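# Chain and residue survey
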Amino acid sequence: MKVIDIIREAERTGKTRFTFELLPPLKGDGTGAIFEAIETLAPLDPAYINVTFHREDATHRRRQRPGTVGISAAIERRFGIETVPHLICGGLSKYDIEDALIDLHFLGMHNVLALRGDRARGEARFSPHPEGHAHAEGLVRQIADMNRGQLLDRVTDCQSTFCIGVAGYPEGHAESPSPDEDMANLKRKVEAGAEYIVTQMSFDNGAILDFIARARNAGIEVPIVVGIKPLATAAHLEILPSTFAVSLPDELVSEVRKCRDNASVRQVGVEWATMQARGLRKAGLPIVHFYSMGRTDNIRQIWEGL
Ligand code: FAD
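The shown structure was predicted, so the numbers you read here are calculated from the model rather than taken from an experiment.

### A closer look at the packing of helix α6 (residues 179-192) against helix α7 (residues 205-217)
Remark: α6 packs on α7, axes separated minimally by 10 Å, with the N-to-C direction vectors making an angle of 65 degrees. Crossing angle aside, the handedness with which α6 passes α7 is right-handed. Contacts from Pro179, Met183 and Leu186 in α6 reach Phe211, Arg214 and Ala215 in α7. Counted by class, the contact of α6 with α7 contains 5 nonpolar, no polar and 1 charged residues.

Next comes the structure, spelled out in structure tokens:
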């Protein structure tokens, strides 16, 4: 089933659902931990599961977490839960991307989250593959073309049916000169063929709802899936703002600083995310996405707490 149909169904029934993300296993690891993480949440009926995509690092030119296509298909087969592989531009030519899309099509997958990816470790700024895309917009166009049977060097009758999602940034993307320009670029991705948006994590429902209002004012009408992250360790106070260009509310920071160990931080994170999810549900948003990064016990606690 396409994500857009899952979202429309949630909107129609007025029942907010949740999604979460998993990382493909490190090279050499098996599927055990991932399947276990899904088993924890499967009884709570997640709307779908995202699987991240990891580029190679610039120093070794090696990928530590390959296998997004394979693990996505394996999850869908085993659990019967719709799975959304992420696909990035970073480090890949358009031909590499086309190959991955053909694999996904053959595997019967219907969804892709189209992203640019970040700069490779060791690089000062994002630089596209010489035969690749500089922005997610180009990737969206490539997937939309493929859905019409247009491959890079030929036209075919064998058309894919991918529902395309893209990323949006309530607090602005780190490289963007202004919120308005960021919004204009987001609109470009939608005009290129994206059917829904997933937001970067934010710890502030006010900022999230303001972003949605600004998107609607800018003429973006597609559904917006909101991403939240349950804080889990004290180190997140430094890591999350610097890695994802997000701010942390003073109240949350002060609660975390009072904690004596990470078990207590985790509990603060659960309580904050529960409060956010409750507010987003009240605001009538169809889907709340959890940046679980592979750990699902706290997601279970949050969703059951609602
Ligand atoms: P883009 O949409 O290309 O935007 C990047 C920057 O360029 C922005 O500043 C934007 O304003 C600007 N821009 C966009 N289009 C244009 C244009 N046409 N002309 C000029 N400027 C433009 N990273 C991974 O490596 N793997 C993942 O699995 C992954 N999953 C993610 C999931 C979500 C929900 C989110 C929010 C992020 C994810 N990321 C992932 C991180 C993402 O790759 C980075 O945030 C990256 O820096 C930007 O990706 P993007 O798709 O938003 O890029």
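Next comes the rest of the account.
### Points about the sheet that holds strand β5 (residues 163-168)
Here 8 strands make up a closed barrel; going around it, the order is β1-β2-β3-β4-β5-β6-β7-β8 and the pairing parallel. Each strand of the sheet is rotated relative to its neighbour by a mean of 30 degrees, with strand direction disregarded. Taken together, the 3 bridges between strand β2 (residues 48-51) and strand β3 (residues 83-88) define a ladder with parallel strand orientation. Across the sheet, isoleucine 49 pairs through a bridge with threonine 83, a residue of β3. Strands in contact with helix α4 (residues 94-106) are β3 and β4 (111-115); relative to β3, the strand with the most contacts, it is inclined by about 170 degrees. Set on the sheet, α6 makes contact with β5 and β6 (196-199); between it and β5 the angle comes to about 180 degrees.

### Some words on the site of the ligand
Neighbouring the ligand are 24 residues, the closest being Phe53, Asp118, Tyr169, Asp182 and Lys189. Taking glycine 117, its main chain carries an N or O atom lying 2.9 Å from an oxygen atom of the ligand. Between the ligand and tyrosine 169, the relevant distance is 2.7 Å, taken from an oxygen atom to a side-chain nitrogen or oxygen of the residue. For the ligand, the protein covers 86% of the area, taking 980 Å² as the surface of the free molecule. Taken together, the elements giving at least two residues each to the shell around the ligand come down to β3, β4, α5 (136-147) and α6. It is α6 that contributes the most residues to the shell around the ligand, 4 residues altogether.

### A look at empty space enclosed by the protein
Enumeration according to the criterion identifies 1 cavity of 30 Å³ or more in this entry. The computed volume of the largest cavity comes to approximately 40 Å³. Tallied by class, the residues present in the lining of the largest cavity amount to 6 nonpolar, 3 polar and 1 charged.

The rules we used
- Residues numbered from 1 in each chain as written.
- Predicted model: local features only at pLDDT ≥ 70, side-chain atom pairs only at ≥ 80, totals over all residues.
- Heavy atoms only, no water.
- Axes fitted to C-alpha atoms, helices over the stretch in contact; angles between N-to-C directions.
- Helix = DSSP H or I, 4+ residues; strand = E, 2+ residues; numbered from the N terminus.
- Left-handed = near helix turned anticlockwise from the far one by under 90°.
- Contact = heavy atoms within 4.5 Å.
- Nonpolar A, V, L, I, M, F, W, Y, C, P; charged D, E, K, R; others polar.
- Pairing = 2+ DSSP bridges.
- Near = heavy atom within 4 Å.
- Polar contact = N/O pair within 3.5 Å; in protein donor to acceptor, adjacent residues only side chain to side chain.
- Areas by Shrake-Rupley, 256 points an atom, 1.4 Å probe, with all protein chains shown as cover.
- 1 Å grid on protein atoms, 1.4 Å probe; cavity = no way out; pocket = protein on both sides within 12 Å on 5 of 7 lines; lining within 4 Å.
- Points joined across faces, edges and corners; volume = space filled by probe spheres on them.

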